[in-house]
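Listed here are the chains, written in short residue letters.
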Amino acid sequence: MTKVTEHIRAAEGQTLFTIEIIPPLKGQNIQQLLDSIDPLMEFKPPFVDVTYHREEVIDKQHPDGLIQRIPVRKRPGTVGICARLMERFKVDAVPHVICGGFTREETEDMLFDLHYLGIDNVLVLRGDPEKSAGVFKAKEGGHAYASDLICQVVDMNRGKLLHEETEATPTNFCIGVAGYPEKHFEATSFDSDFDYLKRKVDAGAEYIVTQMFFDNQKYFQFVERCRAEGIMVPIIPGLKPLSTKKQLSILPRIFHLQMPSDLVQEAEKCESDKDVRQVGIEWGIQQCKELVSYGVPVLHFYTMGKSDNVLQIARGVF
Ligand code: FAD
């Protein structure tokens, strides 16, 4: 399988089109997901990211009134979906590998699953906190930060396993990480956030994918600061088209970003979400054209289960 960095090198400066998908809710049809991204294959994404979702603890009430706390993973199947994507679309799959909810040993087992499937790319993340907890807590025996998980993957790439004395067959993972043009919400300052990002790259990350942003200036400033700090790996912009009026408040709250006032004003004027969707598409096309002129290696779209607007943006750009 081809590494993300090799795809970028092979493109020789041409901007690539790629997507991120999320596994369906447990019990829903995988076919629907595959069919929804099928039209996007027109733009030949060389790789597709698949998110990973940790278990959430829920309270289940029994008929006798007893309440039981049980762990439930609402969106299982990341590894299976990766296999299915590779088979159906002949793309490279990039599973997200998270710290949350995993011990180091469980992580090692998962990395073996990926290795045996021929997957050579991973996006390494700390992962979101449990919704019920609000703050991130590592599982006992697990990693607390993405940089620690990167070290484990790098060790496997060198043939070093957690508890084996003898050298193992090395894996060959290309490691991507997350970056935040508008700062990670927990970071006390931009300075500390850049220090930790640099730590991830120094530990072995070979490229960065950014959190979504709607104002290109934030991305340009982020790239400049990275370069000034000596972070020289490719920085892939993550993009999500605005599609409903509600998102004007939801996206800033969840993803800790600022919406440009021009975009907010245009969306506020709309009478229906259908019109907002159109505003989002037009904004997305302009945003992407500017990013392409800037020379971004990839336009990476967060599809979140919907692809028609991403399709229209891609048609307006490529
Ligand atoms: P880290 O790099 O570990 O950083 C977390 C915070 O700790 C930051 O504030 C950082 O500044 C600070 N920090 C880092 N290292 C240290 C250290 N050694 N000591 C003290 N502080 C430190 N979440 C999911 O659950 N599943 C997914 O599939 C998923 N995919 C994502 C894809 C992308 C492109 C992005 C941008 C985010 C994704 N997320 C996903 C969300 C992500 O897991 C959260 O944003 C999470 O809060 C941080 O993850 P991270 O890998 O950036 O963490």
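Predicted, not measured: the structure shown is a model, and the values here were computed from it. (Residues numbered from 1 in each chain as written. Predicted model: local features only at pLDDT ≥ 70, side-chain atom pairs only at ≥ 80, totals over all residues. Heavy atoms only, no water.)

**Describing the packing of helix 2 (residues 30-37) against helix 3 (residues 78-89)**
Now for step 1: At a minimum axis distance of 12 Å, the contact between helix 2 and helix 3 shows a crossing angle of 45°. In terms of their interaxial angle, helix 2 and helix 3 are classed as oblique. At the point where helix 2 passes helix 3, the crossing takes the right-handed sense. Only Ile81, Arg84, Leu85, Arg88 and Phe89 of helix 3 make contact with helix 2, whose side of the interface consists of Ile30, Gln31, Leu33, Leu34, Asp35 and Ile37.
Now for step 2: Of the residues belonging to the contact of helix 2 with helix 3, the class tally is seven nonpolar, one polar and three charged. (Axes fitted to C-alpha atoms, helices over the stretch in contact; angles between N-to-C directions. Helix = DSSP H or I, 4+ residues; strand = E, 2+ residues; numbered from the N terminus. Parallel < 35°, antiparallel > 145°, perpendicular 65-115°, else oblique. Left-handed = near helix turned anticlockwise from the far one by under 90°. Contact = heavy atoms within 4.5 Å. Nonpolar A, V, L, I, M, F, W, Y, C, P; charged D, E, K, R; others polar.)

**Considering helix 5 (residues 146-157)**
Now for step 1: For helix 5, which comprises 12 residues, the first-to-last C-alpha distance of 16 Å matches the rise-based estimate of 16 Å (1.5 Å per residue) to within 8%.
Now for step 2: In this fold, the buried residues of helix 5 make contact with strand 5 (92-98), helix 4 (104-116), strand 6 (121-125), strand 7 (174-179) and helix 6 (190-203). (Expected span 1.5 Å × (residues − 1).)

**Some thoughts on the sheet that holds strand 7**
Now for step 1: Strands sit in the order 9-8-7-6-5-2-1-11-10 across an open sheet of nine strands; the sheet is parallel. With one partner strand each, in any of the chains shown, strand 9 (235-236) and strand 10 (238-239) form the two edges of the open sheet.
Now for step 2: Note: strand 5 against strand 6, three bridges, orientation parallel. Pairing of Ile98 across the sheet is with Leu125, part of strand 6.
Now for step 3: Of the strands in this sheet, strand 7 and strand 8 (207-210) are in contact with helix 6, which crosses strand 7 at around 175°. (Pairing = 2+ DSSP bridges.)

**Thoughts on helix 11 (residues 308-317)**
Now for step 1: Along helix 11, the residues classified as buried are Asn309, Val310, Leu311, Ile313, Ala314 and Val317.
Now for step 2: Where helix 11 is buried, its residues meet strand 1 (16-21), helix 10 (273-294) and strand 11 (298-302). (Buried < 20%, exposed > 50% of the residue type's maximum accessible area, 1.4 Å probe, protein only.)

**Some points on the site of the ligand**
Now for step 1: In the vicinity of the ligand lie 24 residues, with Tyr52, Tyr180, His184, Asp193 and Lys200 positioned nearest.
Now for step 2: At 2.8 Å from an oxygen atom of the ligand is found a side-chain nitrogen or oxygen belonging to Asp193.
Now for step 3: Within the complex, the protein chains bury 89% of what would otherwise be the 980 Å² of accessible surface of the ligand.
Now for step 4: Looking at the shell around the ligand, the elements that each hand over two or more residues are strand 5, strand 6 and helix 6.
Now for step 5: For the shell around the ligand, the element with the highest residue contribution is helix 6, accounting for four residues.
Now for step 6: Across the shell around the ligand, the residue classes break down as 12 nonpolar, five polar and seven charged. (Near = heavy atom within 4 Å. Polar contact = N/O pair within 3.5 Å; in protein donor to acceptor, adjacent residues only side chain to side chain. Areas by Shrake-Rupley, 256 points an atom, 1.4 Å probe, with all protein chains shown as cover.)

**Quick word on the pattern of salt bridges**
When their charged atoms lie close together, side chains carrying opposite charge are able to pair.
Now for step 1: Counted according to the given criterion, the structure contains 14 salt bridges.
Now for step 2: The salt bridge partner of Arg54 is Glu130, with a shortest N-O separation of 3.7 Å. In this pair, Arg54 sits in the loop between strand 2 (47-50) and strand 3 (56-61) while Glu130 sits in the loop between strand 6 and helix 5, placing the two residues 76 residues apart along the sequence.
Now for step 3: A salt bridge links Glu266 to Lys269, with the nearest nitrogen and oxygen atoms 3.0 Å apart. Here Lys269 and Glu266 lie together in helix 9 (residues 261-269), a separation of three residues that amounts to about one turn.
Now for step 4: Each of Asp35, Asp38 and Arg88 takes part in one network of salt bridges that share partners. (Salt bridge = Lys/Arg side-chain N within 4 Å of Asp/Glu carboxyl O.)

**Structural notes on the confidence of the model for the protein**
Atom-level detail of predicted coordinates should not be read off regions where pLDDT is low.
Now for step 1: Averaged over all residues, the pLDDT of the protein is 97; the fraction at 70 or higher stands at 100%.
Now for step 2: Element-level mean pLDDT values for the protein span from 89 in strand 3 up to 99 in strand 8. (pLDDT = per-residue confidence, 0-100.)

**Observations regarding the pairing of strand 1**
Now for step 1: With six of six residues buried, strand 1 is to be regarded as a mostly interior element.
Now for step 2: Residues Leu16, Thr18 and Glu20 of strand 1 are buried on one face, and the alternating residues Phe17, Ile19 and Ile21, pointing to the opposite face, are buried as well.
Now for step 3: Pairing between strand 1 and strand 11: five bridges, direction parallel. In the strand pairing of strand 11, Ile19 is matched with Phe301.
Now for step 4: Two elements, strand 1 and strand 2, share three bridges in a ladder whose sense is parallel. Paired with Glu20 across the strands is Asp49, a residue of strand 2.
Now for step 5: The parallel pair strand 1 and strand 2, bridged by helix 2, forms a crossover whose chirality is right-handed. (Right-handed = clockwise from strand over helix to strand, strands pointing away.)

**Concerning unusual backbone geometry**
Now for step 1: One non-glycine residue, Lys183, adopts positive backbone phi at about 75°.
Now for step 2: In this model, Met304 sits at a positive phi of 45°, which is unusual for a non-glycine residue.
Now for step 3: Within the secondary structure, Met304 sits in the loop between strand 11 and helix 11.

**Thoughts on the side chain of Thr210**
Now for step 1: Structurally, the position occupied by Thr210 is in strand 8.
Now for step 2: Among the polar contacts made by the side chain of Thr210, one reaches the main-chain amide nitrogen of Gly238 at a distance of 2.9 Å.
Now for step 3: Discounting chain neighbours no more than four positions away, the residues touching Thr210 are Gly179, Pro181, Tyr219, Phe222, Ile235, Ile236, Pro237, Gly238 and Tyr302.

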